[in-house]
Protein chains: 2
Amino acid sequence: MSRVRVNNFSVSLDGYGAGPRQSLDNPLGVGGHRLHDWLFATRGGRALMGHDDGEDGLDNRFFQAGEDGLGATIMGRNMFGPSRGPWPADPWNGWWGQDPPFHHPVFVLTSHARPPLRLAGGTTFHFVQDGIHAALERAREAAGERDIRIGGGVHTIQQYLRAGLIDEMHLALVPVLLGDGERLFAGASPGGGPPGYDCVELVSSPAVVHVRLCRAPVPAARPR
Amino acid sequence: MSRVRVNNFSVSLDGYGAGPRQSLDNPLGVGGHRLHDWLFATRGGRALMGHDDGEDGLDNRFFQAGEDGLGATIMGRNMFGPSRGPWPADPWNGWWGQDPPFHHPVFVLTSHARPPLRLAGGTTFHFVQDGIHAALERAREAAGERDIRIGGGVHTIQQYLRAGLIDEMHLALVPVLLGDGERLFAGASPGGGPPGYDCVELVSSPAVVHVRLCRAPVPAARPR
């Protein structure tokens, strides 16, 4: 059964998934790059940059588990790139170059029409104008038995959380204080009650805390 | 040199140091009791309740380290008790009974005059009406070479954080989502920048993550 997952989503100690004032120079906002230091120190993260080294322990295991078993990714437009508004004639093609590390269809939530962008390695970006439910439907169709990743950013995860559509979240808590930015759990629970997730795993490396949350009641264990 | 410390202060995964609607029945607000489950499972926490058992590992070491070396505690009135407004003739005497587990002077921030309350075991509650700086001055005098604990709650810690008066914070991150309540790092950094603390320790038990933050630059290591 296909699951809807958040994986390797980094959050600061004060709850921010991105710093303030995102831009071309600061894709994760001012100070936000520190959220990904742990990720780019792992073997898997280093491999994305063409290196054959890196941390090969707990953090790398979480990184890889987050990459495995995926058939589609959904992301917000602000995660796709820094451009806003209607797409120009020669538009932004993503942060990830000509061979992005997805290797499956990626559905980008946007208000502005754009034809699909097919890149090397099996990644095609589809631009979805009709909202989170339509994007998830298309992602389900593309993923088949495989899982669907809600990639981010904060606003996109919040939308899927509020709609009760996320089965499992793996958050990486990074012990830095950003002081400002986009807070993941702001308004995640509009009624004020608990959002209805149980912690099923809590473990820390010296760099980062890994928390796995599953929608309560906790489903039967699956081999990972 | 006497330090100003926060220790064993529990915060939910979504950043709350207390749930909403604190009351006599829910001293830590609705759902907030879950923040202290880890603490009352430690050997030291169990001892407070007269038991001779409990977790004797990482969590207990942090609990005990937080209790050691203290000469005074400062707390807000809402941590002292659920009563509000002027003190009645037969006032609330704290959550902790006739022999509170402080064994040193405790300074309670309040807007309403009240004579000191001397209880067994060396604990005297002093009621301070002239603000956080005056309370700290009195606590320093009482503590001598020993450290001063800012006990809580959230609002009191925030006031001391904003005033730049806290040297070290040990937070216990509890993997529950409260959804609402008093958020520790809300407005901790009014200017939007980082509050200026570095993480010097990050370690997790299966129950709780311990984070130690020191005011940057990190002071030389001290034996614990």
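Rules behind the numbers
- Residues numbered from 1 in each chain as written.
- Chains lettered and ligands numbered in written order.
- Predicted model: local features only at pLDDT ≥ 70, side-chain atom pairs only at ≥ 80, totals over all residues.
- Heavy atoms only, no water.
- Helix = DSSP H or I, 4+ residues; strand = E, 2+ residues; numbered from the N terminus.
- Contact = heavy atoms within 4.5 Å.
- Polar contact = N/O pair within 3.5 Å; in protein donor to acceptor, adjacent residues only side chain to side chain.
- Least-squares fit on C-alpha atoms with pLDDT ≥ 70 in both.
- Phe/Tyr/Trp six-rings, centres within 6.5 Å; stacked < 30°, edge-to-face > 60°.
- Buried < 20%, exposed > 50% of the residue type's maximum accessible area, 1.4 Å probe, protein only.
- 1 Å grid on protein atoms, 1.4 Å probe; cavity = no way out; pocket = protein on both sides within 12 Å on 5 of 7 lines; lining within 4 Å.
- Points joined across faces, edges and corners; volume = space filled by probe spheres on them.
- Nonpolar A, V, L, I, M, F, W, Y, C, P; charged D, E, K, R; others polar.
- Expected span 1.5 Å × (residues − 1).
- Pairing = 2+ DSSP bridges.
- Axes fitted to C-alpha atoms, helices over the stretch in contact; angles between N-to-C directions.
- Salt bridge = Lys/Arg side-chain N within 4 Å of Asp/Glu carboxyl O.
- Core = buried A, V, L, I, M, F, W, Y, C linked by side-chain atoms within 4.5 Å.
- pLDDT = per-residue confidence, 0-100.

**Q** I keep staring at the environment of D147(A) and nothing clicks. Help me out?
**A** Residue and element names in this part refer to chain A. Along the polypeptide, D147 turns up in strand β7 (residues 147-152). In sequence terms D147 and G69 are 78 residues apart; their C-alpha atoms lie 6.0 Å from each other. Apart from residues no more than four positions distant in its own chain, D147 is found in contact with M1, S2, R3, R5, G69, L70, G71 and A72. A polar side-chain atom of D147 sits 2.9 Å from a polar atom in the side chain of R5.

**Q** What should I look at first to understand the relation of the copies chain A and chain B in this one?
**A** The relation between the two chain copies is a rotation about an axis coupled with a shift along that axis. By a simple turn and slide, chain A fits onto chain B: the slide is 0.0 Å along the axis, the RMSD is 0.0 Å, and the turn is 180°. The transformation relating the two chain copies, once decomposed into turn and shift, fits a two-fold axis. Distance from the rotation axis, computed per C-alpha, reaches its smallest value in chain A at S204(A): 2.7 Å. Here 100% of the contact residues of chain A are again contact residues in chain B; the copies associate through an equivalent surface.

**Q** I'm lost on the packing of aromatic side chains in this one. Help?
**A** Aromatic rings in a pair are described by how distant their centres are and how their planes are angled relative to each other. Residues and elements named next belong to chain A. Throughout the structure, instances matching the rule amount to 18 aromatic pairs over all chains. The interplanar angle of 80° and the centroid separation of 5.4 Å between the aromatic rings of F80 and F127 together place this pair among those described as edge-to-face. In this pair, F80 sits in helix α4 (residues 77-80) while F127 sits in strand β6 (residues 124-128), placing the two residues 47 residues apart along the sequence. Owing to a relative accessible area of 0%, F80 belongs among the buried residues under this scheme. Ring centres of W96 and F102 lie 5.1 Å apart, and the angle between their planes is 80°; on these two criteria the pair is classed as edge-to-face. On the basis of relative accessible area, F102 is assigned to the buried category, the value being 10%.

**Q** What am I meant to see in empty space enclosed by the protein here?
**A** If a probe the size of a water molecule is rolled over the atoms, the empty space left behind becomes visible. On inspection of all chains with the given rule, the structure shows three cavities of 30 Å³ or more. Approximately 190 Å³ is the volume attributed to the largest cavity. Along the walls of the largest cavity sit 19 residues, with L13(A), G15(A), L13(B), D14(B) and G15(B) positioned nearest its centre. At the level of secondary structure, the elements contributing two or more residues to the lining of the largest cavity comprise β1 (4-12) and β8 (168-174) of chain A together with β1 (4-12) and β8 (168-174) of chain B. For the lining of the largest cavity, the class distribution of residues is 11 nonpolar, four polar and four charged.

**Q** Looking at this structure, I do not really get helix α5 (residues 131-143) of chain A. What am I missing?
**A** In an α-helix there are 3.6 residues to a turn, and that puts residues three or four apart on one side. Residues and elements named next belong to chain A. For α5, spanning 13 residues, the distance from its first C-alpha to its last is 18 Å, which sits close to the expected 18 Å at 1.5 Å a residue. By the burial criterion, the buried members of α5 are I132, A134, A135, L136, A139 and A143. Phi turns positive one or two residues past the end of α5, at G144, with a value near 60°.

**Q** Help me understand the side chain of Q158(A) in this model?
**A** All names here are of chain A. Inspection of the secondary structure puts Q158 in helix α6 (residues 154-162). For Q158, a relative accessible area of 8% gives the class buried. Residues within four places of Q158 in sequence aside, it is in contact with R183, L184 and A186.

**Q** I'm lost on the sheet that holds strand β5 (residues 117-118) of chain A in this one. Help?
**A** The strands that make up a sheet are held in pairs by hydrogen bonds between backbone atoms, and each pair lies either parallel or antiparallel. All names here are of chain A. Sheet architecture is open: nine strands sit in the order β5-β6-β4-β3-β7-β1-β8-β11-β10, paired in mixed fashion. Whereas interior strands pair on both sides, the edge strands pair on one side only; in this sheet they are β5 and β10 (197-204). Judged from the five bridges that link them, strand β4 (residues 105-109) and β6 form a sheet pairing that is parallel. When the sheet's bridge partners are listed, V108 is paired in β6 with F127. The strands that helix α3 (residues 58-67) touches are β1, β3 (70-76), β7, β8, β10 and β11 (209-215); relative to β1, the one it contacts most, it runs at about 140°. In the packing of α5 onto the sheet, contacts are made with β1, β3, β4, β6 and β7, and the angle to β4 comes to roughly 175°.

**Q** Got a minute to help me understand the interface of chain A and chain B in this structure?
**A** It is common to give the size of an interface as the accessible area lost on bringing the parts into contact. Contact residues are listed per partner, giving 28 residues for chain A and 28 residues for chain B. Remark: the boundary between chain A and chain B carries zero salt bridges. Inspection of the chain A/chain B interface yields two residue pairs in polar contact (both at pLDDT 80 or more). Those elements giving two or more residues to the side of chain A that touches chain B turn out to be β10 and β11 of chain A. For the side of chain A that touches chain B, the element with the most residues is β10(A), which contributes five residues.

**Q** What's the story with the nonpolar core in this structure? I'm lost.
**A** Generally speaking, soluble globular proteins have nonpolar side chains that are buried together. Counting 69 residues, the largest nonpolar core has I74(A), Y160(A), I166(A), I74(B), Y160(B) and I166(B) as the members making the most contacts within it. With six residues, helix α4 (residues 131-143) of chain B is the single largest residue contributor to this core. If we skip the residues at most four places from it in the chain, I166(B) touches V4(B), V6(B), I150(B), I157(B), Y160(B), L161(B), Y197(B) and R215(B).

**Q** In this structure, what is going on with the pairing of β4(A)? I would like to understand it.
**A** Successive side chains on a regular strand alternate, one facing one side of the sheet and the next facing the other. All names here are of chain A. Among the five residues of β4, four are classified as buried, and the element is accordingly described as predominantly covered. Direction of pairing for β3 relative to β4: parallel, over a ladder of four bridges. Counterpart to G76 in the pairing with β4 is L109.

**Q** Mind showing me how you'd approach the confidence of the model for chain A here?
**A** In low-pLDDT segments, the atomic positions of the prediction should not be examined closely. Residues and elements named next belong to chain A. In this model, chain A carries a mean pLDDT of 91, and residues with pLDDT of at least 70 account for 93%. Low pLDDT, under 50, characterises residues 190-194; the stretch is placed with nine contacts to residues that sit more than four places away or in other chains. The complex model carries a pTM of 0.89, and its ipTM stands at 0.85.

**Q** So what exactly am I meant to see when it comes to unusual backbone geometry here?
**A** Residues apart from glycine generally show negative phi values, whereas peptide bonds are mostly found in trans. All names here are of chain A. Cis rather than trans, the peptide bond between G152 and G153 has omega equal to -5°. Residue placement: G153 occurs in the loop between β7 and α6. Even without a glycine there, the phi angle at R21 is positive, about 60°. Examined against the element boundaries, R21 turns out to sit in the loop between β2 (16-18) and α1 (37-41).

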